[in-house]
Amino acid sequence: MKLTHQQQLPVEGDDTPRSHHCCKMSSPTKISSSRIVALCSMANFINAADRVIMPIAVVPMSDDYHWNMGVQGWILSAFAYGYISSQVIGGKAALRFGGRMTLGLAVAVWSLATFLTPIFSTTVNALILSRVILGFAEGFCLPTIFHIFAQHVPVEERSRAFGYLVALGSVGQTIASLICPHLSWPMMFYFFGCIGLIWSVVWITMFRDEAPDVDPQLLLNPTLDTTNSVRWMSYVSHRGLWAIYAAHFAMNWSNYIVLSWLPTYLQRHLGANAKDISFTALPYVMNSLLGVAAGHYADSLISKKQWTVLSVRRLMTSIGLIGPSLFLLCFSYVDSLALAVCFVSISLGLCGCNSSGHMSNHPDVAPNHAGITFAISNTLATIPGLACGPVTALIVDYTGYWYPVFALASAVNIGGALIYFSQSSASQIL
């Protein structure tokens, strides 16, 4: 029986349960979508791992080439300039040329830049340029994957798909952090560069942009074909999109503070030694595990327990923003290293619920343009990465305390949660 529009996609704010049978997938399609999720998640694994190499390698490289702190700073920051400049370009390229070629070429370019880093390192300007190219190519990764998921992953599998995607990124950071210190610095770049080049060959061989062999109704395809009719102002003129942008910004504000300042805080405020710093990997492990678990649970709420997509997105985003805000405040109050690591691990773990919340919301509201909406969202959410470093230093220098830093992060999280809960949508906007 052909499904009606009302059965396919609930009206925003509608609490009518979704039909479990309307989205039941046949076995061949499940295998196909699972393979796509696995390959894309592995691309994000490589994406995240390649970012970690230089901060580790820069220490022995500086010893070999006698770089001062200024040179090291330019080398480390060059990545961000390329990354922030290519987000929207990546989303548009995926829409125009398809996910197969865009993602395959992007991974090949940044992997080649990684592999050739030891050669470029003899000249500082060449090395900085290679870092900009690395960041520029990596900026294509997530917008393209969001486009692919919107086109190929059924709505009842999207929460866990994004959960695996984010989790593999955290795993990539963790594994690179564990492996690289045991390798010579040139071998770090050769090893991970080769992995990325191999992935590119596998991807181009296995993936096709053609629609999967399944009734399009089961994928809940867009009810309106807006592929060629959307103006750029449309991406910033809808409340439902700004709800996603606000939630993403809030999530990244607290995440960048933890990523950038956790080792410093543990050492200077709690007296952690070099051995204790190894425990900073635990929050990322928790983020991976809870992100995947939340994805499966969110999908089960949609398919088995008859929740609407909008209700699930709001629930997971609320947990993913308000939960971390509370545990960050607890983290800032304790003087015990063990309790501090425990609280920050729970905080970053709960943050993994966002992958089933606002991050999964892009294909709901913009099925034809999920790559571009995520690109805009990720560009705005990169601002905390540029701002939280100097803002944190200013607050600590002025007040002499770390508590205001985490209180501000908690307030930003709660504000993002309230905006998302009140303004978000699960109906097609673009």
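Let us look at the structure shown here. None of these values were measured; they are calculated from a predicted model. Here the residue index of a chain counts from 1 through its sequence in written order. Where local features are concerned, this predicted model is filtered to residues with pLDDT of at least 70; where side-chain atom pairs are given and counted, the filter is 80 or more; whole-chain, interface and lining totals use all residues. Heavy atoms from the whole structure form the basis of all side-chain values; hydrogens and water molecules are not counted.

**Observations concerning the side chain of Ser62**
Okay, so step 1: For Ser62, the location among the structural elements is in helix 2 (residues 27-65).
Okay, so step 2: At a separation of 2.6 Å, a polar atom in the side chain of Ser62 contacts the main-chain carbonyl oxygen of Val58. Put simply, DSSP marks the helices as runs of H or I at least four residues long and the strands as runs of E at least two long, and each gets a number from the N terminus on. Two N or O atoms count as a polar contact when they lie within 3.5 Å, although within protein this holds only if one can serve as hydrogen donor and the other as acceptor, and sequence-adjacent residues are included solely when both atoms are side-chain atoms.

**A few points about helix 9 (residues 158-179)**
Okay, so step 1: A rise of 1.5 Å per residue sets the reference length of helix 9, with its 22 residues, at 32 Å; its end C-alpha atoms lie 31 Å apart and thus fit the reference within 8%.
Okay, so step 2: Only protein chains enter the area calculation, which uses a 1.4 Å probe; residues under 20% of their type maximum are buried, those over 50% are exposed, and those in between are partly exposed. Among the residues making up helix 9, those that are buried are Arg158, Ser159, Ala161, Phe162, Gly163, Leu165, Ala167, Gly169, Ser170, Gly172, Thr174 and Ala176. The span you would expect from a helix comes to 1.5 Å times its residue count less one.

**Brief notes about helix 5 (residues 99-115)**
Okay, so step 1: Taking 1.5 Å per residue, 17 residues should reach 24 Å; helix 5 reaches 24 Å between its end C-alpha atoms and fits that length.
Okay, so step 2: Within helix 5, the full set of buried residues consists of Gly99, Arg100, Thr102, Leu103, Gly104, Ala106, Val107, Trp110, Ser111, Ala113 and Thr114.

**As for the environment of Trp199**
Okay, so step 1: Locating Trp199 in the fold gives a position in helix 10 (residues 185-206).
Okay, so step 2: Using a relative accessible area of 5% as the deciding quantity, one classes Trp199 as buried.
Okay, so step 3: The spatial distance from the C-alpha of Trp199 to the C-alpha of Ala43 is 7.5 Å, given a sequence separation of 156 residues.
Okay, so step 4: Look past the residues within four positions of Trp199 in its chain and what remains in contact with it is Leu39, Met42, Ala43, Ile46, Leu103, Gly104 and Val107. We call two residues in contact when some of their heavy atoms are within 4.5 Å.

**Here we look at unusual backbone geometry**
Glycine aside, a negative phi is what most residues show, and trans is what most peptide bonds show.
Okay, so step 1: Of note, the phi angle at His66 is positive, near 60°, even though the residue is not glycine.
Okay, so step 2: Structurally, His66 can be placed in the loop between helix 2 and helix 3 (69-85).

**Section: a nonpolar patch on the surface**
Okay, so step 1: Where nonpolar side chains cluster on the molecular surface, the patch consists of Met101, Leu105, Val109, Leu129 and Ile133 and spans about 430 Å² of accessible area.
Okay, so step 2: Taken together, the elements giving at least two residues each to the nonpolar patch come down to helix 5 and helix 7 (124-138).
Okay, so step 3: Among the elements that make up the nonpolar patch, the one with the highest residue count is helix 5 (three residues).
Okay, so step 4: Along the polypeptide, Ile133 turns up in helix 7.
Okay, so step 5: With relative accessibility at 37%, the residue Ile133 sits in the partly exposed group. Two distance rules govern patches: like charges are joined within 9 Å, and nonpolar side chains (Val, Leu, Ile, Met, Phe, Trp, Tyr) within 5 Å, applied only to residues with over 30% relative accessible area and no salt bridge. All accessible areas in this document rest on Shrake-Rupley with a 1.4 Å probe, and a residue is counted as covered only by the protein chains that are shown. Basic side-chain nitrogens of Lys or Arg form a salt bridge, by our definition, when they fall within 4 Å of a carboxyl oxygen of Asp or Glu.

All we've got here are geometric facts, nothing functional implied.
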